[in-house]
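# Remarks on the overall topology
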Amino acid sequence: MKIKNIGIIGAGTMGSGIAQVASTAGCTVKLFDLDQEALDKAKAGLEKIMSRLVEKGRIDSEEKNRIEGNISYVNSLKELANSDMTIEAIVENLEIKKKVFQELEGYVSDACIIASNTSSLSIASIASSLEKPERCVGIHFFNPAPLMKLVEVIPAIQTSAAVLKISEETIRSWKKVVAVAKDTPGFIVNRVARPFYGEALRIYEEGIADFATIDHAMKTVGGFRMGPFELMDFIGNDVNYTVTETVFEAFYYDPRYKPAFTQKRFAEAGYLGRKSGRGYYNYAEGAVKPEPLKDGNLLESIKDRIIIMLINEAADTLFLNIASAEDIDNAMTKGVNYPKGLLAWADEKGIDWCVTEMDNLYDLYHEDRYRCSPLLRSMKKEHKNFF
Ligand code: NAI
């Protein structure tokens with residue numbers, strides 16, 4: 001089955017980005033939103049991006065016209081009737097999504113795949129609103145959708161094998177890297193990435209180092225493009241805190257995902273990050289960025305502690321069959337630009353090292369947060385590597 005007609009529901013940040021990806025790949029796209037202003041903004045935004053690409057010589061004006069011409073902006077859901085696949089990117093609210101899906105199912109053909117771009121809701125719960133839940137699948141893009149290579153594809157327990165296969169093929173034909181994930185909280189990226197923020201906050205709360213030093217450690221010895229505090233300021237402390245809290249609740253309050261008071265207070269104070277002019281750092285004009293401590297041993301130990309917590313989470317994600325080792329590593333390098341896949345990183349550091357680091361943390365704290373993944377432990381015994 002060739003997927004050619006794409007319906008996109010919600011013309012906000014994600015919906016408009018996904019529309020650009022699909023139209024660039026040659027699909028005919030109908031972008032629907034209830035809000036005419038959102039549609040106008042999406043159209044103007046796309047034209048601006050296309051003009052910039054022409055200026056930079058990345059596409060010619062013919063290509064610009066083709067991409068723009070592939071998208072029509074509609075304000076009635078009925079217009080999506082001839083879609084082969086629809087991708088929903090509206091507000092993150094289960095009841096609203098369910099209502100839209102039920103209405104949509106009344107218009108589209110039986111063969112139409114109905115996908116959601118949700119970050120935090122279960123695909124099973126969304127699919128349950130449909131008469132044919134087997135046609136429902138999670139197709140989770142990263143922001144900005146046209147630039148980020150990764151797309152997580154998430155089959156619900158109801159999803160048919162054929163729908164999963166066609167969805168994967170379609171997204172690959174849009175030149176994206178697919179990582180298939182089980183329908184569990186945070187899927188791959190939003191789960192595995194939690195310690196990048198959480199352990200950095202914990203290190204700060206213990207008074208081991210300040211924001212600037214922790215960021216410096218992750219960027220210099222860690223090789224990350226941004227430090228955790230810079231990244232939280234970029235994402236927004238309100239948004240990042242909510243994701244952490246949602247994942248924590250969804251995992252039945254597993255202490256491994258426990259949010260940090262520090263971030264909660266920053267969010268409560270309105271210190272949201274770049275968008276509010278102040279977060280962990282001050283973004284006012286002329287503000288001086290604090291200098292990190294340049295103590296080599298300290299930087300190494302900060303980096304190692306955050307990395308081992310990330311590796312441990314990635315190992316458990318594999319242990320619990322959420323995704324394959326390849327997909328877990330691809331997800332972190334292509335979805336959030338990590339310098340290396342975490343499982344490859346574990347191989348490089350040595351599985352013995354990983355187990356020792358986790359056990360040292362556990363010995364010190366006796367907190368469940370620091371329990372070593374059983375997979376790492378059994379791999380150590382069997383002298384195995386991930387790759
Ligand atoms: P947004 O707020 O930028 O856009 C949502 C759009 O949906 C708005 O234009 C709004 O008018 C429209 N909308 C709301 N209710 C509607 C309805 N009943 N019918 C039609 N249109 C409706 O939101 P954003 O950030 O694009 O997020 C959309 C979805 O994508 C959410 O489920 C979110 O969790 C998910 N997501 C967001 C990411 C992000 O970084 N912003 C990343 C990956 C997924």
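As the structure is a computational prediction, the values presented were derived from the model and not from experiment.

We now examine the overall build of the protein. Helix and strand content of the protein: 17 helices and 8 strands. For the protein, whose C-alpha radius of gyration is 22 Å, the value lies close to the compact-globule estimate of 21 Å for 387 residues. Counting only C-alpha atoms, the protein reaches 60 × 55 × 40 Å along its principal axes. Counting the 387 residues in the protein, one finds 46% classified as buried.

What follows concerns the domain arrangement of the protein. Partitioning the protein into domains gives domain 1 (5-180) and domain 2 (191-381). On a C-alpha basis, the centroid separation for the pair domain 1 and domain 2 is 31 Å. Tallying the contact residues gives 9 residues for domain 1 and 8 residues for domain 2. Tallying contributions element by element places strand 8 (residues 177-180) first for the side of domain 1 that touches domain 2, with 3 residues. Tallied by class, the residues present in the side of domain 1 that touches domain 2 amount to 6 nonpolar, 1 polar and 2 charged.

Turning to the environment of L53, a few remarks are in order. By the element assignment, L53 lies in helix 2 (residues 36-55). Of the residues examined, L53 has 17 C-beta atoms within 10 Å and is grouped as partly exposed. Taking the C-alpha atoms as reference points, L53 and F251, 198 residues apart in sequence, are found 43 Å from one another. Setting aside chain neighbours within four positions, we find L53 in contact with R58 and I59.

Our focus in this paragraph is the pairing of strand 6 (residues 136-141). Each regular strand displays side chains that alternate between the two surfaces of the sheet. Within strand 6, 6 of the 6 residues are buried, leaving the element largely enclosed by the surrounding structure. Here strand 6 shows a buried face lined by C136, G138 and H140 and a second buried face lined by V137, I139 and F141. With 3 bridges joining them, strand 5 (residues 113-116) and strand 6 adopt parallel strand pairing. Across the sheet, residue S116 finds its bridge partner in strand 6, namely G138.

Moving on, we get to the nonpolar core. In terms of nonpolar packing, the biggest core is built from 111 residues, with I8, I18, V137, I188, I214 and I311 touching the most fellow members. The element that contributes the greatest number of residues to this core is helix 13 (residues 296-319), accounting for 11 residues. Taken domain by domain, this core gets at least three of its residues from each of domain 1 (5-180) and domain 2 (191-381). Apart from residues no more than four positions distant in its own chain, V137 is found in contact with I113, A115, I123, V153, I154, P155, A156, T159, V163, L164 and S167.

The environment of the ligand is formed by 22 residues, the closest being G10, G12, M14, A38 and N143. With 3 residues, helix 1 (residues 13-24) is the largest single contributor of residues to the shell around the ligand. Residue classes in the shell around the ligand are distributed as 11 nonpolar, 8 polar and 3 charged.

This part is about the environment of D352. Residue placement: D352 occurs in helix 16 (residues 351-365). Classification of D352 by C-beta neighbours within 10 Å gives exposed; the count is 12.

Direction vectors running N to C along helix 8 (residues 194-205) and helix 13 enclose 140 degrees, while the axes themselves pass 9 Å from each other. Once helix 8 is placed against helix 13, the crossing between them reads as right-handed. Here R194, P195, F196, E199, A200 and I203 of helix 8 lie close against helix 13, whose contacting residues are I302, R305, I306, M309, L310 and E313.

This brings us to helix 1. In this model helix 1 runs 17 Å from its N-terminal to its C-terminal C-alpha over 12 residues, within 8% of the 16 Å that 1.5 Å per residue would give. With 10 of 12 residues buried, helix 1 is to be regarded as a mostly interior element. Residues of helix 1 that are buried: M14, G15, S16, G17, I18, A19, Q20, V21, A22 and S23. Of the residues trailing helix 1, G26 is marked for its positive phi of about 100 degrees.

Right, let's get into the packing of helix 9 (residues 211-220) against helix 13. At a closest axis distance of 9 Å, the pairing of helix 9 and helix 13 adopts a crossing angle of 75 degrees. Relative to helix 13, the element helix 9 lies roughly perpendicular. Here helix 9 contributes T213, I214, H216, A217, M218 and T220 to the contact with helix 13, which in turn contributes L298, L299, I302, K303 and I306. A class-by-class count of the residues in the contact of helix 9 with helix 13 yields 7 nonpolar, 3 polar and 1 charged.

Cut-off values and rules
Residues numbered from 1 in each chain as written. Predicted model: local features only at pLDDT ≥ 70, side-chain atom pairs only at ≥ 80, totals over all residues. Helix = DSSP H or I, 4+ residues; strand = E, 2+ residues; numbered from the N terminus. Rg over C-alpha atoms; globule rule 2.2 N^0.38 Å. Buried ≥ 20, exposed ≤ 12 C-beta atoms within 10 Å, placed from the backbone. Domains from an automatic or database assignment. Contact = placed C-beta atoms within 7 Å. Nonpolar A, V, L, I, M, F, W, Y, C, P; charged D, E, K, R; others polar. Pairing = 2+ DSSP bridges. Core = buried A, V, L, I, M, F, W, Y, C linked by C-beta atoms within 7 Å. Near = placed C-beta within 6 Å. Axes fitted to C-alpha atoms, helices over the stretch in contact; angles between N-to-C directions. Left-handed = near helix turned anticlockwise from the far one by under 90°. Expected span 1.5 Å × (residues − 1). Parallel < 35°, antiparallel > 145°, perpendicular 65-115°, else oblique.

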